[in-house]
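# An overview of the molecular structure
Single-letter residue listing:
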Amino acid sequence: MEALYHQSNKHVHEVQSQMGRLESCDKQSVHLLENEIQARIDQIFSNLERLEILSSKEPPTKRQNAKLRVDQLKYDVQHLQTALRNFQHRRYAREQQEREREELMTRSYTTNDSETSIHIDETLQFNSSVRNAHQGIDDLLGSGTNILEGLRDQRKTLKVGNRKGRETSGDLCVSDVKGVSRI
């Protein structure tokens, strides 16, 4: 286990020194160096898997220390992997900006260039669709208001009819009890 740990630790230091060279590397060899670094990182991860198995087989007195050393090595390698990804992302963004800048510098514009026209038809169509949607919602609200007013009128009519019905049936009940008829 010790030999594999020291070999992996040596690879980590080599990758760290190669990461320093990435910034000063020319455009043609940067991809080769990135691939070499990624291959080393993959090899270290493979070694770490074996080290984790070996550390669990260590005697109980050395096991915790071995696992701690392996975890520290794993932490360092993950940071190297993240640093490589960040470098690649920055490089890609820089290359994209250079391409866009070059495209803008080489592009020729004319007075009636079709790419500089404003798409008014699409905007007008969108505006009329929005206006139609607003009109439809206003119509729905108006219909709802009319329905509510009609229900209120029906409620008033039913209340009046119910009240008159109770008065009439109340008179009959009282007159039946008293023996006097009012009709």
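This is a predicted model, so every value here is computed, not measured.

### What to know about the overall build of the protein
Looking only at helices and strands, one finds 4 helices and 0 strands in the protein. Starting at the N terminus and walking to the C terminus, you meet the elements of the protein as α-α-α-α. Among the 183 residues that make up the protein, the fraction classed as buried is 16%. Considering only contacts within the protein whose residues lie at least 6 apart along the sequence, 68% involve residues at least 24 apart.

### As for the pattern of salt bridges
Scanning the model with the defined rule gives 5 salt bridges in all. Here glutamate 2 and arginine 69 are joined by a salt bridge, their closest N and O atoms 3.1 Å apart. A residue pair is termed long-range when its members are at least 10 positions apart, and glutamate 2 in helix H1 (residues 2-22) and arginine 69 in helix H3 (residues 60-106) qualify at 67 residues. Judged by relative accessible area, glutamate 2 falls into the partly exposed class, the value being 40%. A residue is classified by how much of its surface remains accessible, and arginine 69, at 23% relative accessible area, is partly exposed. The salt bridge involving glutamate 52 is made with lysine 74; its shortest N-O contact spans 2.2 Å. A residue pair is termed long-range when its members are at least 10 positions apart, and glutamate 52 in helix H2 (residues 27-56) and lysine 74 in helix H3 qualify at 22 residues. The network of salt bridges with common partners includes Glu34, Arg91 and Glu95.

### Quick notes on the packing of H1 against H3
At a minimum axis distance of 11 Å, the contact between H1 and H3 shows a crossing angle of 25°. Here H1 is positioned roughly parallel relative to H3, judged by the angle of their axes. Note on packing geometry: the crossing formed by H1 with H3 is left-handed. In contact with Glu2, Tyr5, His6, Ser8, Asn9, Val12, Val15, Gln16, Met19 and Leu22 of H1, H3 contributes Arg69, Leu73, Asp76, Val77, Leu80, Ala83, Leu84 and Phe87. For the contact of H1 with H3, a count of residues per class yields 11 nonpolar, 4 polar and 3 charged.

### So, a positive patch on the surface
A cluster of basic residues, Arg152, Arg155, Lys156, Lys159, Arg163 and Arg166, forms a positive patch at the surface. Position of arginine 163 among the secondary structure elements: in helix H4 (residues 120-178). Taking relative accessible area as the criterion, arginine 163 reaches 45% and is therefore assigned partly exposed.

### Quick word on H2
The end-to-end C-alpha separation of H2 is 44 Å, in line with the 44 Å expected for 30 residues at 1.5 Å each. Among the residues making up H2, those that are buried are Val30, Leu33, Glu34, Ile37, Ile41, Ile44, Asn47, Leu48, Leu51 and Ser55. The secondary structure elements touched by the buried residues of H2 are H1 and H3.

### Here's the deal with the nonpolar core
Val15, Met19, Leu22, Ile37, Ile41, Leu48 and Leu51 are the most contacted members of the largest nonpolar core, which has 19 residues in total. At the level of elements, H1, H2 and H3 are the ones that each hand at least two residues to this core. Considering every element that reaches this core, the biggest residue donor is H2, with 7 residues. When neighbours within four sequence positions are excluded, methionine 19 is seen to be in contact with Ile37, Leu80, Ala83 and Leu84.

Rules of the game
- Residues numbered from 1 in each chain as written.
- Predicted model: local features only at pLDDT ≥ 70, side-chain atom pairs only at ≥ 80, totals over all residues.
- Heavy atoms only, no water.
- Helix = DSSP H or I, 4+ residues; strand = E, 2+ residues; numbered from the N terminus.
- Buried < 20%, exposed > 50% of the residue type's maximum accessible area, 1.4 Å probe, protein only.
- Contact = heavy atoms within 4.5 Å.
- Salt bridge = Lys/Arg side-chain N within 4 Å of Asp/Glu carboxyl O.
- Axes fitted to C-alpha atoms, helices over the stretch in contact; angles between N-to-C directions.
- Parallel < 35°, antiparallel > 145°, perpendicular 65-115°, else oblique.
- Left-handed = near helix turned anticlockwise from the far one by under 90°.
- Nonpolar A, V, L, I, M, F, W, Y, C, P; charged D, E, K, R; others polar.
- Patch = residues over 30% accessible without salt bridge, like charges linked within 9 Å, V, L, I, M, F, W, Y side chains within 5 Å.
- Areas by Shrake-Rupley, 256 points an atom, 1.4 Å probe, with all protein chains shown as cover.
- Lys, Arg positive; Asp, Glu negative; His and termini not counted.
- Charge placed at Lys NZ, Arg CZ, Asp CG, Glu CD.
- Expected span 1.5 Å × (residues − 1).
- Core = buried A, V, L, I, M, F, W, Y, C linked by side-chain atoms within 4.5 Å.

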